[in-house]
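Structural features, examined
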Amino acid sequence: MDKKENKWLRWVLIVLAAAAVVCVVGYFAFCYWVNASGSLLEGNELKPEEMDQGSAIVVDGAGRREGVFTLFIAATDEDETRTDSMMVLVFDTENHTAKVLNIPRDSLVDTERHGAGKKLNASYAGGIEQQMDEVAGIIGFRPDKYIVANFDGIADIVDAIGGIDYEVPFDMNYHDASQDLSIEFEKGWQHLDGKAVVEFLRWRHNDDGTGYDDGDIGRVEKLQTFLVALGKEVLSPSNLINIPSIATAISNNVETDLTTSQVLWLGMQGMKLDMEEDVEMQTLIGDNAMVGDLWFFIIDEDMIIDQINESFNPYTRELTENDFNIITPDDLGIYSSSWEDEKAVRYAGYKKAAAGDTGSGELPDDDDDE
């Protein structure tokens, strides 16, 4: 392999890992494609042993599981003062598995902020470190590293590849003069440019209030599905020529504490994954409920501790309630005496999903922050 070819392959790996910033699921989709095809550039067989492996992410602290690191991934909203979507990736590089935990943006947190400021997504206004601390209170541990992207990055990437064909699940019609926002899509296959993609991802419900049956959870799942499609398209062989434009779009719209060498290492580790077999996704367990005059996602403390210990705990010891800072239904006094019955239904659904079924705790719809 000559020097020029190695440089191209290095660029591909950097963009591969950087694409995880914007679409972590799409990143794993590309890893799956690499494993299946065995090549990146015409006539060049991929030989990882001949390329820079980058620098491993070294995790400090006693009692950590060997080869496991955690990464907080978020995308900001249009004014970049809140995080519109949040995930925690738990990457086991020893067993080559990855688990992604979706954290609802409306999760109620223990804070002195008022109103909608009590939602987890609002903590980003105080900086990424504050948000990481509040995430730690919810999941029982502080993620090791973070990646935060904005929707402009996704728009720029889509434009760099000439748009993307995607099947819109149903008619979408939402208008908000205060935000100069007009979202209008017909059900079916559409060719979306960057601006249209951002509108599609921002849509939460129609003017008449109709939308996903499971509210913001459904919106998160829509985002995941779209990012899989985007990841496959961005990193397909036909788009290798667009690598410089894609890399620029990502670098201009990303905040991270990962070094370039760590990003490269992350890409190399990802290539060992089979997306269909080695990647698991879950969403924090809880219920939407009205607190005051606002809807919040109320986390079920007992079930979250169980969920984290079973699937996402990076430590060798079990996490206990002392590791969490969760506002419970009892603290709020918002649930009826049927709370235990409701909890049993959710727990049964969680166990069913964990066993491989496609179902996952269904939640009522929620309202906008605005």
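Quick summary incoming for the structure in this document.

Analysis parameters
- Residues numbered from 1 in each chain as written.
- Predicted model: local features only at pLDDT ≥ 70, side-chain atom pairs only at ≥ 80, totals over all residues.
- Heavy atoms only, no water.
- Pairing = 2+ DSSP bridges.
- Helix = DSSP H or I, 4+ residues; strand = E, 2+ residues; numbered from the N terminus.
- Axes fitted to C-alpha atoms, helices over the stretch in contact; angles between N-to-C directions.
- Contact = heavy atoms within 4.5 Å.
- Core = buried A, V, L, I, M, F, W, Y, C linked by side-chain atoms within 4.5 Å.
- Buried < 20%, exposed > 50% of the residue type's maximum accessible area, 1.4 Å probe, protein only.
- Patch = residues over 30% accessible without salt bridge, like charges linked within 9 Å, V, L, I, M, F, W, Y side chains within 5 Å.
- Areas by Shrake-Rupley, 256 points an atom, 1.4 Å probe, with all protein chains shown as cover.
- Salt bridge = Lys/Arg side-chain N within 4 Å of Asp/Glu carboxyl O.
- Lys, Arg positive; Asp, Glu negative; His and termini not counted.
- Charge placed at Lys NZ, Arg CZ, Asp CG, Glu CD.
- Polar contact = N/O pair within 3.5 Å; in protein donor to acceptor, adjacent residues only side chain to side chain.
- Phe/Tyr/Trp six-rings, centres within 6.5 Å; stacked < 30°, edge-to-face > 60°.
- Lys NZ or Arg CZ within 6 Å of the ring centre and 35° of its normal.
- Parallel < 35°, antiparallel > 145°, perpendicular 65-115°, else oblique.
- Left-handed = near helix turned anticlockwise from the far one by under 90°.
- Nonpolar A, V, L, I, M, F, W, Y, C, P; charged D, E, K, R; others polar.

This brings us to the sheet that holds strand S5 (residues 97-103). Spatially, the six strands line up as an open sheet ordered S11-S6-S3-S4-S5-S12, and their pairing is mixed. With one partner strand each, in any of the chains shown, strand S11 (254-256) and strand S12 (279-283) form the two edges of the open sheet. Mean inter-strand twist for the sheet, computed between neighbouring axes without regard to direction, equals 20°. With respect to the sheet, helix H4 (residues 151-160) is in contact with strand S3 (68-76), strand S4 (83-92) and strand S6 (145-150), its orientation differing from that of S6 by roughly 65°.

Let's shift gears to the nonpolar core. Across soluble globular proteins, you tend to see nonpolar side chains buried next to one another. In terms of nonpolar packing, the biggest core is built from 31 residues, with Phe72, Val88, Ile103, Ile139, Leu284, Ile304 and Ile308 touching the most fellow members. The set of elements that each furnish at least two residues to this core consists of S3, S4, S5, helix H3 (128-139), S6, strand S14 (294-299) and helix H10 (301-311). At five residues, the largest contribution of residues to this core is made by H3. Non-local contacts of Phe72, meaning those with residues more than four positions away in its chain, are made with Met86, Met87, Val88, Ile128, Gln131, Met132, Val135, Pro143, Lys145, Tyr146 and Ile147. Of all hydrophobic cores here, the second largest spans 23 residues; its members include Ile161, Ala196, Val198 and Tyr212.

The grouping of Asp79, Glu80, Asp152, Asp156, Asp159 and Asp193 at the surface amounts to a negative patch. Among the structural elements, Asp156 can be located in helix H4.

What follows covers helix H5 (residues 194-202). The buried fraction of H5 amounts to eight of the nine residues, a majority that puts the element mostly inside the structure. What H5 keeps buried is the set Gly194, Ala196, Val197, Val198, Glu199, Phe200, Leu201 and Arg202.

Moving on: H10. What H10 keeps buried is the set Glu301, Met303, Ile304, Ile305, Gln307, Ile308 and Ser311. By the N-cap criterion, in which a side-chain oxygen at the helix start approaches the backbone nitrogen of a residue two or three places on, H10 is capped by Asp300, the distance to Asp302 being 3.3 Å.

All right, on to the packing of aromatic side chains then. Considering all chains together, one arrives at four aromatic pairs under this definition. For the pair Phe69 and Phe91, a centre-to-centre distance of 5.6 Å together with 40° between the ring planes defines the contact as tilted. Of this pair, Phe69 sits in strand S3 while Phe91 sits in strand S4, placing them 22 residues apart in sequence. Phe91 matches Phe69 in its accessibility class, with the two residues each being buried. Ring centres of Tyr166 and Phe200 lie 5.5 Å apart, and the angle between their planes is 65°; on these two criteria the pair is classed as edge-to-face. You can see Tyr166 sitting in strand S7 (residues 164-168) and its partner Phe200 sitting in helix H5, a full 34 residues away along the chain. Each of the two residues, Tyr166 as well as Phe200, counts as buried. Taken together, Tyr166, Phe185 and Phe200 form an aromatic cluster joined through their ring pairs. Over the ring of Tyr315 we find Arg64, and its NZ or CZ is 5.3 Å from the ring centre.

With respect to the helices and strands, Gln307 occurs in helix H10. A polar contact is formed between the side chain of Gln307 and the backbone oxygen of Thr283, at a distance of 3.0 Å.

Another aspect to go through is the packing of H4 against H5. Viewed as axis vectors pointing N to C, H4 and H5 meet at an angle of 140°, and their least axial separation amounts to 7 Å. One finds that H4 runs oblique with respect to H5. When you trace H4 past H5, the crossing you get is right-handed. Here Phe151, Ile154, Ala155, Val158 and Asp159 of H4 lie close against H5, whose contacting residues are Gly194, Val197, Val198 and Leu201. Class assignment of the residues belonging to the contact of H4 with H5 gives a composition of seven nonpolar, one polar and one charged.

Our next topic: the pairing of S6. Counted residue by residue, S6 has six buried out of six residues, so it is predominantly covered. The alternating pattern of S6 places Lys145, Ile147 and Ala149 on one face and Tyr146, Val148 and Asn150 on the opposite face, and all of these are buried. Two strands pair when backbone bridges link them, and S3 and S6 are joined in this way by six bridges, in the parallel orientation. Of the residues in S6, the one forming a bridge with Ile73 is Ile147. Sheet topology places S6 next to S11; three bridges connect them, and they run antiparallel. Within S11, the position partnered with Val148 by the bridge is Glu255.

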